[in-house]
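# Fold and geometry: a report
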Amino acid sequence: MSAALRTLRHDGGGDSLIVLLPGAYMTPEHFVDHGFFSAICQRRLSLDVAAVDLGLDAVSSGDALPAVIEQILLPAHANYRQVWLGGISLGGLLSLCLNADHPGLVDGLCLIAPYPGSRLTTNPIKRAGGLDAWQPTAEDLTDPEFRAYRWLKFPPADFPVFVGHGTEDRFAEGMQAIAERFPATARCALPGDHDWPVWRDLWEHFLNLGHFAA
């Protein structure tokens, strides 16, 4: 049995839940401090939120995502009309990996400045001529990052995804490559770096898309 995950929640009686996964060295309190919870309250959205404390050790060991599924996502389906998953930076990549390995478990993704993965993943895809030309090997598919990119080759057309990043982000090229797998209405690039001011603005943009109207 996995250790109990620590979460911070905003429960306002919404019929939808979004689970937010943190970036490296990030805690659930960062989401609160930078206005992610208050932005929901200001809009009176029918949306609850759970920000999760994962810890890099649990991510590295592979224990983090099974715990998110077991402790948060599966129970949430009994209480909510729809359950979304999202995250910032590493949390965005983890969201992609979880969804790729468990299709149908969540109803949408919110990827804010999603870390594109290690060079061990992205370089072979570049050498192949890009994602459309890349054909994963059986060995590739033992790695969750490669499995996420396999999913990105053919994302379901009716699966809602938001991808946003700052144009000056040091990972902007890889983030843009992820974003371009989705319709223009599902992506947003704003001036800014890999930091909270642009992440907050991207969150506001996501909330304004109207997925969770009261």
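Below: a short report on this structure. (Residues numbered from 1 in each chain as written. Predicted model: local features only at pLDDT ≥ 70, side-chain atom pairs only at ≥ 80, totals over all residues. Heavy atoms only, no water.)

The helix and strand tally for the protein chain stands at nine helices and seven strands. Against the globule reference of 17 Å for 214 residues, the protein chain gives a C-alpha radius of gyration of 16 Å, in line with a compact fold. Projecting the C-alpha coordinates of the protein chain onto the three principal axes gives extents of approximately 45 × 45 × 35 Å. Looking at the protein chain residue by residue over its 214 residues, the buried ones come to 51%. Of all intrachain contacts in the protein chain linking residues separated by at least 6 positions in sequence, the fraction that spans at least 24 positions is 74%. Carbon and sulfur atoms make up 53% of the accessible area of the protein chain, which totals about 9900 Å². Charged side chains in the protein chain number 15 positive and 25 negative. The centres of these two groups are separated by 4 Å. (Helix = DSSP H or I, 4+ residues; strand = E, 2+ residues; numbered from the N terminus. Rg over C-alpha atoms; globule rule 2.2 N^0.38 Å. Buried < 20%, exposed > 50% of the residue type's maximum accessible area, 1.4 Å probe, protein only. Contact = heavy atoms within 4.5 Å. Areas by Shrake-Rupley, 256 points an atom, 1.4 Å probe, with all protein chains shown as cover. Lys, Arg positive; Asp, Glu negative; His and termini not counted. Charge placed at Lys NZ, Arg CZ, Asp CG, Glu CD.)

Our next topic: the nonpolar core. With 44 residues, the main nonpolar core has Leu21, Leu73, Leu109 and Trp151 as its most contacted residues. No other element matches helix α4 (residues 64-76), which puts eight residues into this core. In terms of nonpolar packing, the next biggest core, distinct from the first, is built from 28 residues, Phe162, Cys188, Trp203 and Phe212 among them. (Core = buried A, V, L, I, M, F, W, Y, C linked by side-chain atoms within 4.5 Å.)

Attention now moves to the pairing of strand β4 (residues 82-88). The element β4 is extensively covered by neighbouring structure, given that seven of its seven residues are classed as buried. Residues Gln82, Trp84, Gly86 and Ile88 of β4 are buried on one face, and the alternating residues Val83, Leu85 and Gly87, pointing to the opposite face, are buried as well. Across six bridges, the pairing between strand β2 (residues 16-21) and β4 is parallel. Paired with Val19 across the bridge in β4 is Leu85. As paired elements, β4 and strand β5 (residues 108-112) share five bridges and run parallel to each other. (Pairing = 2+ DSSP bridges.)

Take the packing of α4 against helix α5 (residues 90-101) next. As a packed pair, α4 and α5 sit with axes 11 Å apart at the nearest point and diverge in direction by 75 degrees. With respect to their mutual orientation, α4 and α5 come out roughly perpendicular. Note on element contacts: α5 touches α4 through Leu94, Cys97 and Leu98, opposite Leu65, Val68, Ile69 and Leu73. In terms of residue class, the contact of α4 with α5 is made up of seven nonpolar, no polar and no charged. (Axes fitted to C-alpha atoms, helices over the stretch in contact; angles between N-to-C directions. Parallel < 35°, antiparallel > 145°, perpendicular 65-115°, else oblique. Nonpolar A, V, L, I, M, F, W, Y, C, P; charged D, E, K, R; others polar.)

This part takes up unusual backbone geometry. Phi at Arg44 is positive, roughly 55 degrees, even though this residue is not glycine. Tracing the backbone through its elements, the reader meets Arg44 in the loop between α2 (36-43) and β3 (47-53). Phi is positive for Ala113, which is not a glycine, with a value near 50 degrees. Locating Ala113 in the fold gives a position in the loop between β5 and α6 (119-127).

Honestly, that's just the spatial picture; any functional story needs more than this.
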